[in-house]
Amino acid sequence: MSDAERPTDDHVPGDDEFDPIEVFPEADEMDLRPGADNCYKCSTCDTNCPVAEVDDEFPGPKFQGPEQWRLKRQSDQDVDASIMKCSNCMRCDHACPSEVPLSQMHNSARGEYVEERMSKRSLEYWRNRLLSNYRLMAHLGSKVPRLTNFVMGLTLTSVFNEKVLGIAGEREFPEFATETFREWWRARGGHEVSRERAEAARDRRGESGADKKIAYFHGCYSNYNTPEVGKALVRVYEHFGYEVVVPEQRCSGTPMFANGMLDDARRAADTNVPELAAAIEDGADVIASCTSCSMSLRQEYPELFDIDGVDDVSSNTWEGLEYLRVHEDLEGELAGTRADVPNLAYHTPCHARNQGLDGQAIEVLTTIDGVEAQDVGESCSGISGTYGWKEEHYETSMQIGEEMFEHMERADGDTGLTECPTCAMQMEHGTGYEIKHPLEVLEAALVPDSPETARATTDGGVDEVGEAGRRDEVRGSDREGGTDEADREDRTDEADHEDRTGRPDREGQNEPSGAN
Amino acid sequence: MAITDDVFVIGGGLAGATAALAAAERGVQVRLLSYKQSTLRHASGLIDVLGYAPDGQGPLADPFDALESLPVGHPYERVGGDSVREALLFFDAIAGDTYAGEHTDANALVPTSSGAIKPTARYPAGVAPGVASDPSDALLVGFETLPEFDAPLAAAHLEDTGAPFEARGVTLSFPGIRRDDAKVTRYAHLLDRDEAVDIGRGETFARAALAAIVRDQLEGESRVGFPPILGDDNHATVRRDLEERLGVDVFEVPSGPPSLPGMRLEDRLYDALEDAGVRVTTGVPVVDYEGVESGRSGSNSRRIEHVLVDRKGQDVPYRADEYVLATGGLVGKGVRSDRERVFEPIFDCHVEASPDRYDWFDGDAFGDHPFARFGVTVDRELRPLDAEGDLEFANLRAAGAVLSGYDFAAEKSGSGVSLATGFVAGDRAGSEVRG
Ligand SMILES: Cc1cc2nc3c(=O)[nH]c(=O)nc-3n(C[C@H](O)[C@H](O)[C@H](O)COP(=O)(O)OP(=O)(O)OC[C@H]3O[C@@H](n4cnc5c(N)ncnc54)[C@H](O)[C@@H]3O)c2cc1C
Ligand code: SF4
Ligand code: SF4
């Protein structure tokens, strides 16, 4: 019977919310069946899956989710190996009209598959662990960034990566910044300095009484690779009078979910949740600049882990632009500002879409004079974190991305714009464009004349005296015991120790003190 | 600080998108917010206005004749026949050359994938060469890996309906697809990109390979019908390419979910929304509202001040002057039910339903089910009414499947009602803002 004639309208959902039983780490004991029963097989999820669109072999989200869970209940069926082809883009979640928790089912199935069926001695397992524990690599790499960048750029390295490790040789490793975000943050004076600046800004804005505080979840990428995004966030928030704290933190877990490494993800969450919950307790809201990080803290954590404070963290985590839109008159503030950033081609990350953040960057940024941004449509970039790095998925990843590349090239822009660091990598890889983060554009409009910003854009000389003065202050406060936060940071990141000598570790990399 | 616009449309289906576009025509700032994807993804892409009268009479040759005699409370009765016409004109302008059937009040008769013939008002351009009023013979092509469309069976059914042409069906194997349950998007992608496919004796391009196996089957028919998989972004190009290679007309036979023609229409609507400057937000639901007494006298004293959107854990306010509720019916989740009651979950607008849930269904599975008509009751301005017949809110209108008083599946009026009520609700909301 054709449904064009007789639409199926027999599904009468109730309002009793589906609530899984969280019994991690025995992921297979999580009862996902009520979620599976919500599925009425409309296949909307299947038509949204970018992998199924290019790969004939992939059975699609409906099978990976509700069908697989039903099968598992009826017989002792193993999780199907094809689950490893799912990229965790979560587009199926965004699609399902019946609120079936698809990505939660996929995450759990992947965890079970890796746990029970993947050999812990296989190269695949170790390659996946290596990729998903990016922070570890980045941590080591960032200690000797120039050497690492050099070695990673060698042809020999890429041949080794591909042949031995199964990492796509076509990919270029993202460059490590010569100074991590945390190094910069510490050199700049950490929380103390931020509080001073925020107070000054509040005085200027006539909000002296207000208590405004955020905890920045920078994630791995903006710490090790694009600290300019984190710096932009700090400056923009301080401009609005927010004091910034940077709690101890580890990877958000996104790449680990995507690789079925739920134990690793759990370990990271065990650090992140209490730290962020403590910051919330101290009056801060949690802000992320990467939309997969915010997705993970908001949705995946409470779906997968039963940790004290996990719901607090979920409901108090925001994306960088989103928070300002809701808590400040962002558009009013931007009216009359100028930044010279025309020709932006904007791509919405899939994970941003699930949080209601599609369209936001364009709405906000185009109120700035001199900024032009065009949406390149709803195609998926195809890289999905570590997915596109794997030799066996590289082709699929590029086939998915093809549509986005074409849309970018057809748009007027020649600079890309996106919130997600891996989407940015793929955009750059496929088009050669330089990619910016919306916060960087915001920074250019709102704090163009901050000495820090000017320093970053002109590459001018360093104000040696100011710097030395500031550094002494920092050391001074550390010696006195410093703030709790500074202590926490010490435990977090050994790399931060470098700048505790008080000497600029690499010429010209440290910021002058805040003269404002 | 709430995010602020002039008109706020809740729901991104055909009704919501039309409402947002109509409001934007009034020169106001519109936001459309939709939780999940709409039923357009399952719908055939046909714009049915009215195929059968509520008493079952039909198929109707002219839906507009029958509009005049619809019962009080039917959405078309609420907005009136002229608005239905105006809404169709509005749609024609949006659809441009991607749709056919404009400039006529009459229903076209379109063969569907089961071989039935369906009366419809507007249909995709790719469906046009297949209409049943055309006397030329047709070859229907199905694929082994796409069991939803059984071409020989559909052809036999078509013959039974007394269609004025001969139809013949064949089942072939789609070049490049091996998997039994490959997704329709996979077929479309192969053809869109004209990818290289392995046909056993080397590689060739998908469109050429498909044309080659179909050409062998032609026995003088002057048109060929396929299931609706002929490309997505490049659908028009794929169809033209196949026509050139085959030397005959090529059409798609609309079918059930999931449906590429519905998705293509969705894309078209969302492109129009972008061009019109409508701000689109998706992936998060409206869960609640805060209201104020408007201070005006009379029964319509309550206004919605802002709605609350759940952005995964915390509610964020969105404010506007006027609101349109286009959240769909039981399938779209605009109307929900539990064991005790049927309700509209955001504003708790009144939904008329028997307190005994055994009255919600007819004993006969294909009978006249009251639940099919569940929804909010509205005045002629499409403003929801409470149980006493008073306005629920002065600044709320409702459109599409969330409305009561019609059974779209039985009447074949789904898209038509969404279009007409979406148009009226959006237009009124937009003009109200301007004062
Ligand atoms: C299987 C099927 C086949 C059909 N075939 C045809 C056909 O051949 N011809 C025809 O004319 N019609 C057909 N229809 C009917 C037609 O598609 C619908 O009647 C019409 O499109 C309904 O549109 P709508 O915009 O009112 O609602 P929907 O399409 O249901 O859209 C409602 C939207 O609101 C969103 N929403 C719901 N709650 C919230 C919330 N709280 N916050 C934010 N957003 C929310 C939903 O996510 C959804 O996107 C078919 C319908 C179905 C289900
Ligand atoms: S979209 Fe949801 S209801 Fe539809 S088939 Fe997929 S899981 Fe099932
Ligand atoms: S998460 Fe993405 S790749 Fe995985 S099944 Fe869902 S849509 Fe497909």
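Note that the coordinates shown come from a computational prediction; the quantities given were computed from them, not determined experimentally.

**As for the overall build of chain A**
What chain A contains, in helices and strands, is 28 helices and eight strands. Taking all 516 residues of chain A together, 64% fall into the buried category. For chain A, the exposed area adds up to about 19400 Å²; of that, 46% sits on carbon and sulfur atoms.

**Digging into the sheet that holds strand 15 (residues 286-293) of chain B**
All names here are of chain B. Pairing is mixed in the open sheet, where four strands are placed in the order 1-17-16-15. The open sheet has two free edges, formed respectively by strand 1 (3-4) and strand 15, since each of these has just one partner strand. Taken together, the seven bridges between strand 15 and strand 16 (residues 302-310) define a ladder with antiparallel strand orientation. By the bridge assignment, G291 is partnered in strand 16 with I304.

**Here we look at the site of ligand 3**
Around ligand 3, the surrounding shell consists of A:C49, A:P50, A:V51, A:P61, A:C86, A:S87, A:N88, A:C89, A:M90, A:C92 and A:H106. The class makeup of the residues in the shell around ligand 3 is eight nonpolar, three polar and no charged.

**Some words on the pairing of strand 5 (residues 108-111) of chain B**
All names here are of chain B. As defined by bridge partners, strand 5 adjoins strand 6 (residues 117-120) across four bridges and the pair is classed as antiparallel. Directly across from V110, in strand 6, lies its bridge partner K118. The turn joining strand 5 and strand 6, which pair antiparallel and follow one another in sequence, is formed by five residues; a positive phi near 90° is taken by G115.

**Side note on the pairing of strand 18 (residues 322-325) of chain B**
Residue and element names in this part refer to chain B. Because side chains alternate across strand 18, one face comprises the buried residues E322 and V324, and the other comprises Y323 and L325, equally buried. Bridge count between strand 2 (residues 7-10) and strand 18: four bridges; the pairing is parallel. Residue pairing across strands places F8 opposite Y323, the latter belonging to strand 18. Of the strand pairs in this sheet, strand 18 and strand 21 (residues 396-398) are connected by three bridges, and their pairing is parallel. What sits directly across from V324, in strand 21, is R397.

**Points about the site of ligand 1**
Residues and elements named next belong to chain B. If you check the shell around ligand 1, you find 35 residues, and the closest are T39, S44, D48, A401 and S415. L46 places a polar main-chain atom, nitrogen or oxygen, 3.5 Å from an oxygen atom of ligand 1. A distance of 2.9 Å is found between a nitrogen atom of ligand 1 and a backbone nitrogen or oxygen belonging to V286. Considered on its own, ligand 1 offers 1000 Å² of accessible surface; in the complex 96% of this is hidden by protein.

**Quick notes on the packing of helix 7 (residues 206-215) of chain B against helix 8 (residues 235-246) of chain B**
All names here are of chain B. Orientation of helix 7 relative to helix 8, taken along the N-to-C sense of each, is 45°, at an axis distance of 10 Å. By the angle class used here, helix 7 and helix 8 are oblique. In terms of crossing hand, the pair formed by helix 7 and helix 8 is right-handed. Contacts between helix 7 and helix 8 involve R207, A208, L210, A211, V214 and R215 from the first element and T237, V238, D241, L242, R245 and L246 from the second. Taken together, the residues of the contact of helix 7 with helix 8 break down into seven nonpolar, one polar and four charged.

**As for the pattern of salt bridges**
All names here are of chain A. This structure, assessed with the given rule, holds 54 salt bridges over all chains. Taking the shortest distance from any N to any O, the salt bridge between E67 and K41 comes out at 3.2 Å. Here the residue E67 occupies a position in helix 4 (residues 61-74), and K41 occupies one in the loop between helix 1 (33-37) and helix 2 (44-48), the gap between them amounting to 26 residues. With relative accessibility at 45%, the residue K41 sits in the partly exposed group. Here R205 ties to E328 by a salt bridge, and the two come within 3.5 Å at their closest N and O atoms. A residue pair is termed long-range when its members are at least 10 positions apart, and R205 in helix 12 (residues 190-205) and E328 in the loop between helix 19 (320-327) and helix 20 (330-334) qualify at 123 residues. What makes E328 buried here is its relative accessible area of 7%.

**Regarding the sheet that holds strand 6 (residues 369-375) of chain A**
Residue and element names in this part refer to chain A. Taken in spatial order, the four strands line up as 6-5-7-8 in an open sheet, and their pairing is parallel. The sheet is open, and its two borders are formed by strand 6 and strand 8 (434-436), each paired with just one other strand. Sheet twist, expressed as the mean angle between neighbouring strand axes with direction ignored, is 40°. Sheet strands touched by helix 24 (residues 421-431): strand 5 (338-346), strand 7 (415-417) and strand 8. Its angle to strand 8, the strand with the most contacts, is close to 155°. Running at roughly 160° to strand 5, helix 25 (residues 438-446) makes contact with strand 5, strand 6, strand 7 and strand 8 of the sheet.

**So, the confidence of the model for chain A**
Of the residues in chain A, 75% reach a pLDDT of 70 or more, and the chain-wide mean stands at 80. Every residue in residues 454-516 of chain A is under pLDDT 50, and counting partners more than four places away or in other chains gives 99 contacts.

**Focus: the packing of helix 16 (residues 262-281) of chain A against helix 17 (residues 291-304) of chain A**
Residues and elements named next belong to chain A. It is the contact of helix 16 with helix 17, at a shortest axis distance of 11 Å, that shows an interaxial angle of 115°. Handedness of the crossing formed by helix 16 with helix 17: left-handed. Of the residues in helix 17, those touching helix 16 at L262, A268, A269, N272, V273 and L276 are L297, Y301 and L304. Broken down by class, the residue content of the contact of helix 16 with helix 17 amounts to eight nonpolar, one polar and no charged.

**Side note on the interface of chain A and chain B**
Counting residues at the interface gives 66 residues for chain A and 59 residues for chain B. Summed over both partners, the interface of chain A with chain B comes to about 5400 Å²; 48% of that surface belongs to carbon and sulfur atoms. Between chain A and chain B we count nine salt bridges in total. B:R178 is the salt-bridge partner of A:E57, the closest N and O atoms lying 3.8 Å from each other. Summed over the shared surface of chain A and chain B, the result is 21 residue pairs in polar contact (both at pLDDT 80 or more).

**Structural notes on the nonpolar core**
By size, the foremost hydrophobic cluster in this structure holds 121 residues, and its most contacted members are A:L442 and B:F347. A per-element tally of this core places helix 1 (residues 14-24) of chain B first, with nine residues. Residues within four places of B:F347 in sequence aside, it is in contact with B:I10, B:Y289, B:I304, B:V307, B:L325, B:F393 and B:L396. Counting residues in hydrophobic clusters, the runner-up holds 34 residues, among them A:A109, A:V114, A:A288 and A:L304.

How each quantity is defined
Residues take numbers from 1 onward in each chain, read along the sequence in its written order. Here the convention is simple: chains get letters from A, ligands get numbers from 1, in the order in which they are written. Reporting in this predicted model follows two pLDDT cut-offs: at least 70 for local features of residues, and 80 or more for side-chain atom pairs to be given and counted; totals over whole chains, interfaces and linings ignore these cut-offs and use all residues. Each side-chain value is worked out from all heavy atoms of the structure, with water and hydrogens disregarded. In DSSP terms, a helix is any run of H or I states spanning at least four residues, a strand is any run of E spanning at least two, and both are numbered starting from the N terminus. The classification of residues rests on relative accessible area computed with a 1.4 Å probe and restricted to protein chains. Under 20% of the type maximum is buried, over 50% is exposed, and intermediate values are partly exposed. We get accessible surface area from the Shrake-Rupley algorithm with a probe of 1.4 Å; when it comes to residues, only the shown protein chains can shield them. Two strands qualify as a pair provided DSSP detects at least 2 bridges between them. Each residue is tested against the molecule or strand, and it is near if at least one of its non-hydrogen atoms lies within 4 Å. Asp, Glu, Lys and Arg are counted as charged, while Ala, Val, Leu, Ile, Met, Phe, Trp, Tyr, Cys and Pro are counted as nonpolar; the rest, among them Gly, fall into the polar class. N or O atoms closer than or at 3.5 Å make up a polar contact, with two conditions inside protein: a donor-capable atom paired with an acceptor-capable one, and, for residues adjacent in sequence, both atoms drawn from side chains. Angles run from 0 to 180 degrees between N-to-C directions of axes, and those axes are lines fitted to C-alpha atoms, restricted for helices to the stretch in contact. Put simply, angles under 35 degrees are roughly parallel, angles over 145 are roughly antiparallel, angles from 65 to 115 are roughly perpendicular, and the rest are oblique. Each crossing gets its handedness from the near helix: less than a right angle anticlockwise from the far helix is left-handed, clockwise is right-handed. Whether two residues are in contact is decided by their heavy atoms: any pair within 4.5 Å suffices. Throughout this description, the term salt bridge denotes a Lys or Arg side-chain nitrogen within 4 Å of a carboxyl oxygen of Asp or Glu. For every residue, the predictor states its confidence as a pLDDT score lying anywhere from 0 to 100. Each of two parts loses accessible area, computed with a 1.4 Å probe, when they are put together; buried area is these two losses added. Residues belong to one nonpolar core when they are buried, are Ala, Val, Leu, Ile, Met, Phe, Trp, Tyr or Cys, and are joined through side-chain atoms within 4.5 Å.

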